[in-house]
Amino acid sequence: MHTDDRLLAIEDLKTSFFTYVGEVKAVDGVSFDLDKAEAIAIVGESGCGKTVTAMSILRLIPPPGRIVRGRITLDGQDLLAKSERDMQQVRGNDVSMIFQDPMTSLNPVLTIGLQIMEPLILHQGMSKEAARQRAVEMLELVGIPHAARRVNQYPHQFSGGMRQRAMIAMALACNPKLLLADEPTTSLDVTIQAQIIELMKDLKQKLSTSIILITHDLGIVAGLCSRVLVMYAGKIIETGPIKAIYHDARHPYTWGLLKSVPRLDALEKRRLVPILGQPPDLLRPPAGCRFHPRCGHAMHICLEEEPELFEAGDGHRVACWLTQPQAAGVLKEAMAGGR
Amino acid sequence: MATTPFARAQQDPNAIQEIVRPSVTYWADAWRRLKQSRTAMFGLCFLAFLIVVALLGPALTPWTYSDQDLTRANLPPNRTNWFGTDDLGRDLLTRTLYGARISLLIGLLASFIQSSIGIIYGGISGFAGGRTDNFMMRIVDILYGIPVILFVIILMMIFGAGLINIVIAIGALYWLGMARIVRGQILALKEQEFVLAARTIGAGPWRILFRHLLPNCMGPIIVTLTLSIPGAIFTEAFLSFIGLGVSAPMASWGTMAADSYGALRTYPWQLLFPAGAISLTMLAFNFLGDGLRDALDPRMRK
């Protein structure tokens, strides 16, 4: 529809790990797209393929993993057709990434400044002085005081929140089109979490960077992202605008995720309901709907046939048989039981 | 207006971001711990002393290492010749100090060469991993199985004796230990997240190896390097002793020991001084290496 605003298009991405016991389908037929200066969230439990999706975009799947099929198009360039050398030009320049743990993702023996300068020297051919100057500006941009002095310090001289800010400065140094944020707040204190999300929101506006936020915490999504993808067992099971997901979720797994978020603003006392069981072993995913063994509303068809992504109105799509008219009875029961 | 204790205080908004704790860098911390080790400090002081006298000493004595005076042959230690003289009347103090130059030079140069080979070989092997690593390490295993000293002797026979040849022979054959240590370090480090982070900003494999991984192994590298220097000095002394070392009238501690052991019963000091110098230097390097190992071990950090 708006092809000129389209930044990233992923079609039918399938990434598998070929272990000695067999093929683990970590990402199995994922498609989505992202506009320029848009932020979306990928939500799901650990091991549902969120990180592998992000690493596939960067083409950094460690062996024995491999992208089996699919298409990843970034700004008109086919990323899967590029050579490794060309990909190195894309990484850090067009697409960059920040990680969960800022304690381990900065090199302990290099100064913060050198690490922010590295992509600038690699991609923009900047001189050392120019890169240092830019590193100081970047540190100021992400809100680190006394940046000119801080730039010469080592990671252990930074606190956790400041390290994550430094990571963000490093990732955004070359002004990339796309930032992949892999659980950027998970290892931080709640107060720092809010600061980092606020910072990312601010930078998205200033630099018009697109963001894919990967998280298992639906609580932090709302402020930053306009759309949500819910992944389960390597597939997208529900996707839609943020309001639709929060107020009109249709998939029992999304209900479960929402119910397991503690809320301070709830008026009445509300019980936190965990989703029972574990995500399936992706070596042998269950037949039919992959969520059916853990689903409280499974029907016969769920055990046999896999639902496709059905339209549920205005960009909202759900892979669940409950959305079908024939399932109205079970759905009514489910709604009556407080979902 | 008089300020009361309950008036609103003015605060610097930047101050809340500051970390109050003074920061201590890794090396400052290691130096602090090294200073606590008495043996390591003894080693360090002795080596500093040795380097100074090796550089200045021969110029301060009235003789050169090759001055002969047969009328003053085989003198015991006395006021003019503190260490005595040898069978050609050469001053043993001058020759011992001059020998320190040769021995230290060989020790440092050979260690530098063997470390460079070992770091690059082990780094590539560990970083490449998989089949390449397997192949490269089997070569190391095979070389380990061959008595290296035999190899060195054969090399010296082919290229002839001489300072440079000793350095090359030792440097080219003693890198195995360093290669194994660096490989082990790299294997552990390359799984760390900062390596992945370096990849995501577009760093290539060589850049990751030399800029991100090897600086992280500096601790073990320095320790291994320090402990390999006495090995090189000892190998040089051994080669000189069996006649493959530096040629006369140049003096190394090994040639001096070789020259004098025949006269052990009559003029024991001729052996005592070079042998003592070798022992003390080896001891000093080993003490320093041990101290460094403790000081650079991150688990010792408090």
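In the block above lies the structure referred to throughout.
Residues numbered from 1 in each chain as written. Chains lettered and ligands numbered in written order. Predicted model: local features only at pLDDT ≥ 70, side-chain atom pairs only at ≥ 80, totals over all residues. Heavy atoms only, no water.

What to know about the overall build of chain B
Filter applied, for reference: Helical segments are the DSSP runs of H or I of at least four residues, strand segments are the runs of E of at least two, and each set is numbered from the N terminus. Radius of gyration: C-alpha atoms only; globule rule: 2.2 Å multiplied by the number of residues to the exponent 0.38. With a 1.4 Å probe rolled over the protein chains alone, any residue whose accessible area is under 20% of its type maximum counts as buried; one over 50% counts as exposed, and the rest are partly exposed. Calculation of accessible area relied on Shrake-Rupley with a 1.4 Å probe; when residues are assessed, cover is drawn exclusively from the protein chains displayed.
Summing up its helical and strand segments, chain B has twelve helices and zero strands in all. Traced from its N-terminal end to its C-terminal end, chain B shows the element sequence α-α-α-α-α-α-α-α-α-α-α-α. Its C-alpha atoms give chain B a radius of gyration of 26 Å, more than 25% over the compact-globule value 19 Å for 302 residues. Each of the three principal axes of chain B carries a C-alpha extent, and together these read 95 × 65 × 25 Å. Within chain B, the fraction of its 302 residues that count as buried is 44%. Roughly 16,300 Å² of accessible area belongs to chain B as shown, and the carbon and sulfur atoms make up 66% of that amount.

A closer look at the pairing of strand E2 (residues 22-35) of chain A
Residues and elements named next belong to chain A. Note the following rule: Criterion used throughout: strands pair if DSSP finds at least two bridges between them.
In the sheet, strand E1 (residues 6-19) pairs with E2 via eleven bridges, with the strands oriented antiparallel. Within E2, the position partnered with Ala9 by the bridge is Asp33. Turn length for the E1-E2 hairpin, with the two strands adjacent in sequence and antiparallel, is two residues.

Here we look at the sheet that holds E2 of chain A
Residue and element names in this part refer to chain A. The condition is simple: The contact criterion used throughout is that any non-hydrogen atoms of two residues lie within 4.5 Å. Only the stretch in contact is used when a helix axis is fitted, and all axes are lines through C-alpha atoms; the angle between N-to-C directions ranges over 0 to 180 degrees.
Taken in spatial order, the four strands line up as E2-E1-E4-E5 in an open sheet, and their pairing is antiparallel. Edge strands, defined here as strands with exactly one partner in the open sheet, are E2 and strand E5 (77-78). With two bridges connecting them, strand E4 (residues 65-74) and E5 associate as antiparallel partners. For Thr73, the partnering residue across the bridge sits in E5 and is Asp78. Of the strands in this sheet, E1, E2 and E4 touch helix H1 (residues 50-58), which is tilted by about 110° from E1.

Section: the nonpolar core
Residues and elements named next belong to chain A. What counts is decided by this rule: For the purposes of this section, nonpolar cores are sets of buried Ala, Val, Leu, Ile, Met, Phe, Trp, Tyr and Cys residues that join through side-chain atoms within 4.5 Å.
In this structure, Leu8, Phe32, Leu178 and Ile212 are the most contacted members of the largest nonpolar core, which totals 110 residues. Counting residues per element, this core draws most heavily on helix H6 (residues 160-172), at eight residues. Residues in contact with Phe32, not counting those within four places in the same chain, are Leu8, Ala9, Ile10, Ile40, Ile42, Thr53, Ile212, Leu229 and Ile236.

Re the layout of surface pockets
Where we set the bar: The definitions used throughout rest on a 1 Å grid laid over the protein atoms alone, on which a cavity is an enclosed set of points accommodating a 1.4 Å probe that cannot get out and a pocket is an open set flanked by protein within 12 Å on both sides along at least five of seven lines; lining residues are those having an atom within 4 Å of a point. Grid points are joined across faces, edges and corners, and a volume is the space filled by probe spheres set on the points. Each residue receives one of three labels: charged for Asp, Glu, Lys and Arg, nonpolar for Ala, Val, Leu, Ile, Met, Phe, Trp, Tyr, Cys and Pro, and polar for the others, Gly being one of them.
The calculated volume of the second largest pocket comes to roughly 590 Å³. Residue lining of the second largest pocket: 20 residues in total, with Leu60, Pro62 and Pro63 of chain A together with Leu196 and Arg199 of chain B positioned closest to the centre. No other element matches helix H8 (residues 193-200) of chain B, which puts four residues into the lining of the second largest pocket. Along the lines of polarity and charge, the residues of the lining of the second largest pocket split into eleven nonpolar, two polar and seven charged.

Examining the pairing of E1 of chain A
Looking at chain direction, E1 of chain A and E4 of chain A are connected through eight bridges and run antiparallel. Bridge assignment links Thr15 of chain A to a residue of E4 of chain A, and that residue is Ile67 of chain A.

Structural notes on the interface of chain A and chain B
What counts here: The buried area of a pairing is the accessible area, by a 1.4 Å probe, that goes missing from both parts when the two are put together, added over both. Salt bridge, as used here, is a side-chain nitrogen of Lys or Arg placed within 4 Å of a carboxyl oxygen of Asp or Glu. N or O atoms within 3.5 Å of each other form a polar contact, as long as, within protein, one can give a hydrogen and the other can take it, and as long as residues adjacent in sequence are counted only when both atoms are side-chain atoms.
Residue-level contacts link 34 residues of chain A with 25 residues of chain B. Interface of chain A and chain B: buried area, both sides summed, is about 2,500 Å²; carbon and sulfur atoms make up 58% of it. Between chain A and chain B we count one salt bridge in total. The residue Glu118 of chain A makes a salt bridge to Arg207 of chain B at a minimum N-O spacing of 2.6 Å. Applying the counting rule to chain A against chain B returns eight residue pairs in polar contact (both at pLDDT 80 or more). Secondary structure elements with two or more residues in the side of chain A that touches chain B: H1, strand E6 (95-98), helix H3 (112-124), helix H5 (147-150) and H6 of chain A.

What about the packing of helix H11 (residues 253-260) of chain B against helix H12 (residues 269-296) of chain B?
Residues and elements named next belong to chain B. Let me state the cut-off plainly: Helix crossings are classified by the rotation of the near helix relative to the far one: an anticlockwise turn of less than a right angle makes the crossing left-handed, while a clockwise turn makes it right-handed.
At a minimum axis separation of 8 Å, H11 and H12 run at an interaxial angle of 150°. Between H11 and H12 the crossing geometry is left-handed. Between H11 and H12, the contacting residues are Trp253, Gly254, Met256, Ala257 and Ser260 on the first element and Gln270, Leu271, Pro274, Ala277, Ile278 and Thr281 on the second. Each residue belonging to the contact of H11 with H12 can be placed in one class, and the counts come to seven nonpolar, four polar and no charged.

Some remarks on the sheet that holds strand E3 (residues 39-43) of chain A
Residue and element names in this part refer to chain A. Strand order in the open sheet made by the eight strands is E6-E7-E8-E3-E9-E10-E12-E11, with mixed pairing throughout. Unpaired on one side and paired on the other, E6 and strand E11 (310-311) mark the two borders of the sheet. The pairing of strand E7 (residues 178-182) with strand E8 (residues 210-215) spans five bridges and is parallel. Along E8, the bridge assignment pairs Asp182 with Ile214.

Structural notes on the packing of H3 of chain A against helix H9 (residues 205-213) of chain B
Rules: In these notes the angle categories are as follows: under 35 degrees is roughly parallel, over 145 is roughly antiparallel, 65 to 115 is roughly perpendicular, and the rest is oblique.
Two elements in contact, H3 of chain A and H9 of chain B, have axes whose closest approach is 13 Å; the angle formed by their N-to-C orientations is 160°. As summarised for this structure, H3 of chain A and H9 of chain B are arranged roughly antiparallel, according to the angle between their axes. Like other packed secondary-structure pairs, H3 of chain A and H9 of chain B cross with a definite hand, here right-handed. Within the contact between the two elements, H3 of chain A uses Leu114, Glu118 and Leu122 of chain A and H9 of chain B uses Arg207, Arg211 and His212 of chain B.

Here we look at the side chain of Lys82 of chain A
All names here are of chain A. In plain terms, the rule: A residue counts as positive if it is Lys or Arg and as negative if it is Asp or Glu; His and the chain ends are not included.
For Lys82, the position within the fold is in the loop between E5 and helix H2 (84-90). With no salt bridge to any partner, buried Lys82 finds its closest opposite charge in Asp86, at an N-O distance of 5.3 Å. Ignoring sequence-local partners within four residues, the contact set of Lys82 consists of Arg59, Gln77, Met87 and Val90.

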